[in-house]
Amino acid sequence: MKNLQTRKLLPILALASLFVKISGSVSLHPVLTGPDMAYLGSRVAFRCIAPDASPPVTYELMGDGGVPIYTGTDLQGDQHASFFLKVTATSEGSYHCKATTGGSTGVSNIIKLTVVTPASNTRVTSEPFPPVAYEGSRIILSCTITKGSHLSYTWLFNRKEVTSSTSPFFHLSGNQLVMEKVTPEHAGHYSCIAWSRVHDIRRFSSSTEIQVTVKVYISKPRISFSIFKVGDSYHGNVTCWSTRGSHPVNFSLSIDDKEVASTTATESLAAWFPVAMVPGRDMGLAQCQAKTEMQELMSEPVTLEVVPVGGDVKVEVEYLYRADSKLAVARLSCQPVLPHFALADRRRILILPKLGPEESGCYRCRVRDSYDDSGPWVESVAVLVKVTDRILNSMPRATSSTETPPKVFMSTIEVITITFCCFLLLMMVVYVACVYRMLDRNRAPAHISTPNSDALPLSAPALQLGSEMAATSSIDCDA
Ligand SMILES: *[C@@H]1O[C@H](CO)[C@@H](O)[C@H](O)[C@H]1NC(C)=O
Ligand SMILES: *[C@@H]1O[C@H](CO)[C@@H](O)[C@H](O)[C@H]1NC(C)=O
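About the cut-offs
Residue indices begin from 1 for each chain and proceed along its sequence in written order. Written order determines the labels here, with chains lettered from A and ligands numbered from 1. Per-residue local features of the predicted model are confined to residues with pLDDT of at least 70, and side-chain atom pairs are confined, for both listing and counting, to 80 or more; whole-chain, interface and lining totals are unaffected and use all residues. Hydrogens are left out, water is left out, and the side-chain values use all remaining heavy atoms of the structure. A run of H or I in DSSP counts as a helix once it spans at least four residues, and a run of E counts as a strand once it spans at least two, with each numbered from the N terminus. By definition, two strands form a pair when at least two bridges between them are found by DSSP. Think of each axis as a best-fit line through the C-alpha atoms, taken over the contacting stretch in the case of a helix, with angles from 0 to 180 degrees between the N-to-C directions. Criterion for a disulfide: a pair of cysteine sulfur atoms at a distance within 2.5 Å. Relative accessible area decides the class of each residue, using a 1.4 Å probe on protein chains only: under 20% of the type maximum gives buried, over 50% gives exposed, and in between gives partly exposed.

Caption draft 1: Spatial organisation of unusual backbone geometry. Of note, the bond from Glu127 into Pro128 is cis; its omega dihedral lies within 30 degrees of zero at 5°. With an omega of 5°, the peptide bond running from His247 to Pro248 counts as cis. Turning to its location among the elements, Pro248 is positioned in the loop between β21 (233-241) and β22 (249-255). A positive phi angle, close to 50°, is found at Asn158, a residue other than glycine.

Caption draft 2: The arrangement of the sheet that holds strand β1 (residues 31-33) in detail. Here three strands make up an open sheet; going across it, the order is β1-β3-β6 and the pairing antiparallel. A strand with exactly one partner marks an edge of an open sheet, and here the two such strands are β1 and β6 (80-86). Averaged over neighbouring strand pairs, the angle between their axes works out to 20° when direction is ignored.

Caption draft 3: Spatial organisation of the sheet that holds strand β28 (residues 313-321). Taken together, the three strands give an open sheet; going across it, the order is β28-β29-β30, and neighbouring strands pair in antiparallel fashion. The outermost strands of the open sheet, each flanked by one partner alone, are β28 and β30 (349-352). Strand-to-strand twist in this sheet, taken as the mean axis angle between neighbours without regard to direction, amounts to 20°. The sheet contact formed by strand β29 (residues 327-336) and β30 spans four bridges and is antiparallel. Considered in β30, the bridge of Leu332 is made with Leu350.

Caption draft 4: Spatial organisation of the state of the cysteines. Enumeration over the complete set of coordinates arrives at four disulfides. With its sulfur 1.7 Å from that of its partner, Cys240 forms a disulfide with Cys288. Because the sign of the S-S torsion sets the handedness, a value of about -55° for the bond joining Cys240 and Cys288 places this disulfide among the left-handed ones. Highlighted residues: Cys240 in strand β21 and Cys288 in strand β25 (residues 282-291), separated in sequence by 48 residues. Pair check on accessibility: Cys240 and Cys288 agree, each one buried. Put simply, Cys334 and Cys365 are joined by a disulfide, and their sulfur atoms are 1.8 Å apart. Negative torsions about the S-S bond denote left-handed disulfides, and the value of about 80° found for Cys334 with Cys365 makes this one right-handed. Highlighted residues: Cys334 in strand β29 and Cys365 in the loop between β31 (361-363) and β32 (366-367), separated in sequence by 31 residues. Each member of the pair Cys334 and Cys365 is classed as buried.

And the structure:
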C-alpha cells in the first residue's frame, strides 16, 4: 500500500520539482540603476541587482545593440554587480543588464543615458556686425558656442542680468537677445553665459563683453557767424552746429550755393569756418550742410553781412509789475536801428531793480561795433525814468493775486487815449531828438548810465513779465 502510494507520488514530485525549477528561472528579475544624464568626460556607475539570486550569478551590462559591454560575476552573494564607465560621445544610448544563475537568465529595465557636452568658447555675435545701429533699427545678439549641448542662456547688460520681466525692451529667444527698436538706452556692454545642468551640477561658459552703440540722428544744423578785428583787417567766423546727434558729422559751408569748406566733426557736433568779411558789405548767402552716412541736412541760409552801428539808437523803458500791481523793476533796453541785423544781447538790457527817487532821472545808452574796440560810439537821446505815484496810479489796476498772472482791464476809450498820447509824445521826442542831434552832436553826456555796468543784475527773477503790463515811456529829458 505504502509502495503504491510512493509510486503514485513520484510523478507529482517530479512535476513539482520541475515547477520549482521553472518558477526559479522566472523569478530572476534584475534591476538596473544608474544616471539618465551625464557630462561628457565624467565617470558614471551602473548597478545591476538581482535579489534572491543564489551565487554564482553572472551579470552583463548591455548597450544599444544588445552586445555585452561589461561582464561581472558575483561569487559572494552580494546580489549585485557595479559597472563603471567613462562617458564619451558614443556613451549615449539605452542600457540594460542581464543576470544569469544556473540555467536561468533575467533581463532588467532599460535606462536611457543622455550625454551632455558642456559649453565652451562662448562669444557674442551680432547682426549687424559690428553692433552699431541707428535709433529705431533692430539689433540681434546671439550667444554662440563652438561646442555644447542642452544649454540655457543668460544675458548680461552692463553686468546686470536681463530678464524678460525686468527689461521689456529686450526679447529673449533661444540663444538670441533681440532689440526690435533700439534707443540710446540700449547702448552699453553685453555678454552672455551658456550653461547646462546635470542633476545638481552646473557648468558655465561666459563670453567676453561686446559693446553696442546706438547712433542718434542729427538735428537740422544751425548757422551763425561772428566778426573780429585783427590789426587792421577783419575776420569772419561761421559756426555750424547740430544740437543732437552722433558724430562723426561732415559739416560743409557753402556761400551762394558753392561749397567753400568742409570738415569732419569727430568729437563735437560743431564746426567753424573762417570767412572773409568786410563790415558793411554783403558777402553772400551762407548755408551749412551736415552729412552723415544716413542723413544730409541743410541749415537755413544767412546773409553774411555785418552792418556797422550807425543811425539812430534809442532807449526803451518798460515798467514791470508784480502780480499785486506794485511796480517791481524798470527795464531799459538799448535799441540801435539796424536793417536785418540780429544784435547780440550783450549788455543791451539794464534792469533797475530798486525804484526810488535816486533811480529816477535821465538815462541814455551808447552803442558801438562789438568787433572794433576803437570804433566810435553812437549815442541815444536820454529818456526820463521817473518813479512817482503818478506813474503808478496811471497804470491799470491788476487783480490782487500772487498765484495767477495779472489781468488788465482797460476800456477801449482808455486804450485809444493812451495810444494817442503816446503817439503825440513820440512825435515830440523825434522832433526834439532831431533838433538836439543837429545842434549838439559831440556834447559830453550829462547823466549817463551806460548798460556797461556789470554790477546790475541782468534778469529779474520771480517776476510776472506780462507784456500788457509794460508801459513804454519816451519822455525826452532835454525837452
Ligand atoms: C569761432 O567761433 C567759435 C565759437 O565761438 C570759437 O570756438 C572759435 O575759436 C572761433 N574761431 C576763430 C578762428 O576765432
Ligand atoms: C566725411 O568726410 C570724409 C573726408 O572728406 C570722407 O572720407 C567721408 O566719406 C565723409 N563721410 C560722409 C558720410 O560723407
